[in-house]
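Here is what each chain is made of, one letter per residue.
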Amino acid sequence: MFIFNQQICINPKPETLKPETVKILHIDSNHPLLWNQLEQAGFTNEEDFTSTKEEVEAKIQNYNGIVIRSRFKIDKTFLDKATNLQFIARVGAGLESIDCDYAIEKGVHLIAAPEGNSNAVGEHALGMLLSLMNKLNRADKLVREGKWIREGNRGYELEGKMVGIIGYGNMGKSFAKKLRGFDVKVLCHDILEHVSDENATQVSLQELQKQADVLSLHLPWTPETDKMVNTEFINSFAKPFWFINTSRGKNVVTADLVEALASEKILGAGLDVLEYEKLSFENLFIDTEKPAAFQYLLDSDKVLLTPHIAGWTFESHQKLAQVIVDKIINYYKG
């Protein structure tokens, strides 16, 4: 059984602190409304976008809150030095860059914003799926090369397909909502019970694997989901299927995905995230030498790649910031 939902424990609000006494360190740039609205609410903002983790650790005891995206990992060492920290706010959906258990143990309130970019992720996943099924990226490339190939670019219709979603939180629900009107049946699987709605029917993992023509992942990266999509998992599907991953790259064993693409067990893959991403999500580990599996992805016309941008639209940039500022203000003002 896989655990798909990252639990965020809410620590009680600090009764002794008011916004006017709270200093917040911003270590990543975000939409300016976040800074401006916190300032208007009475908080003191300071920024440091360039110091190393060690340099930030040396002064973090001076702050009550920290706002991050994914610049570095907030681990036990960092938290031990953050003696006055009341909250950590991550301007994004997941909290895998934070030692959540230790933070909660130390009474630090954790804030994330999965509501802020769920619509963007849903639209991106749908765009990837339609592009793959209709071979749009391949056809576009060939036409630009002067090759007018119609039969070789014949696509598939989404209508009548069975779409499986694993992880039915904010992102999974957004994708399912986007599928309304396509005359598909949507199945979802999640570790939590009773998450189905008018857009998807909750089933066991085995039932989803039995029926799905499409699989879309909407999961955090946890010890339970690490390397979840491997050969055994893929071969448990009754039918060949299209695969979309807009969650986390390390949920997939790339070499096993490549093997399934080569054997046509997976008909096409839309990957916004890769196993080779750094924890900051801003770069790949890759320098000059590329793993063979990654090179296959680069060369394959059955694969659509984007650089971890599914949730990073102009609109979500603002929405993420607004969700974070609202949660911080609500934490202190109720």
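Okay, so let's go over this structure. In this text, all values refer to a predicted model and were calculated from it rather than measured experimentally. (Residues numbered from 1 in each chain as written. Predicted model: local features only at pLDDT ≥ 70, side-chain atom pairs only at ≥ 80, totals over all residues. Heavy atoms only, no water.)

### Regarding the packing of helix H1 (residues 32–40) against helix H12 (residues 314–333)
Moving on, step 1. Axis separation between H1 and H12 bottoms out at 8 Å; the angle between their running directions is 20°. With respect to H12, the element H1 is oriented roughly parallel. As H1 runs across H12, the sense of the crossing is right-handed. For the pair formed by H1 and H12, the contact residues are Leu 33, Leu 34, Gln 37 and Leu 38 on the first element and Gln 318, Ala 321, Gln 322, Ile 324, Val 325, Asp 326, Ile 328 and Ile 329 on the second.
Moving on, step 2. When grouped by side-chain class, the residues that make up the contact of H1 with H12 number 8 nonpolar, 3 polar and 1 charged. (Axes fitted to C-alpha atoms, helices over the stretch in contact; angles between N-to-C directions. Helix = DSSP H or I, 4+ residues; strand = E, 2+ residues; numbered from the N terminus. Parallel < 35°, antiparallel > 145°, perpendicular 65-115°, else oblique. Left-handed = near helix turned anticlockwise from the far one by under 90°. Contact = heavy atoms within 4.5 Å. Nonpolar A, V, L, I, M, F, W, Y, C, P; charged D, E, K, R; others polar.)

### A short note on helix H10 (residues 254–263)
Moving on, step 1. Considered for burial, the residues of H10 that qualify are Thr 254, Asp 256, Leu 257, Val 258, Ala 260 and Leu 261.
Moving on, step 2. Buried positions along H10 lie against helix H9 (231–235), strand S10 (241–245), strand S11 (266–271), helix H11 (292–299) and strand S12 (303–305).
Moving on, step 3. Looking one or two residues past H10, Glu 264 carries a phi angle of roughly 65°, positive in sign. (Buried < 20%, exposed > 50% of the residue type's maximum accessible area, 1.4 Å probe, protein only.)

### Focus: the pattern of salt bridges
Moving on, step 1. The final tally for this structure, using the stated rule, is 15 salt bridges.
Moving on, step 2. Salt-bridge contacts for Lys 23 lead to Glu 46; the nearest nitrogen and oxygen are separated by 3.5 Å. Note that Lys 23 is positioned in strand S1 (residues 23–26) and Glu 46 in strand S2 (residues 44–47), a separation of 23 residues in sequence.
Moving on, step 3. Given the relative accessible area of 30%, Glu 46 is considered partly exposed.
Moving on, step 4. One salt bridge connects Asp 48 with Lys 59, and the closest N-O pair in it is separated by 2.7 Å. Taken together, the positions of Asp 48 in the loop between S2 and helix H2 (53–57) and Lys 59 in the loop between H2 and strand S3 (65–68) put the pair 11 residues apart, joining distant regions of the chain. (Salt bridge = Lys/Arg side-chain N within 4 Å of Asp/Glu carboxyl O.)

### As for unusual backbone geometry
Moving on, step 1. With a phi close to 55°, Asp 183 is a non-glycine residue in the positive phi region.
Moving on, step 2. You can call Asp 183 exposed: its relative accessible area is 55%.
Moving on, step 3. The residue Glu 264 is not glycine, and still its phi comes out positive at about 65°.
Moving on, step 4. Mapped onto the secondary structure, Glu 264 falls in the loop between H10 and S11.

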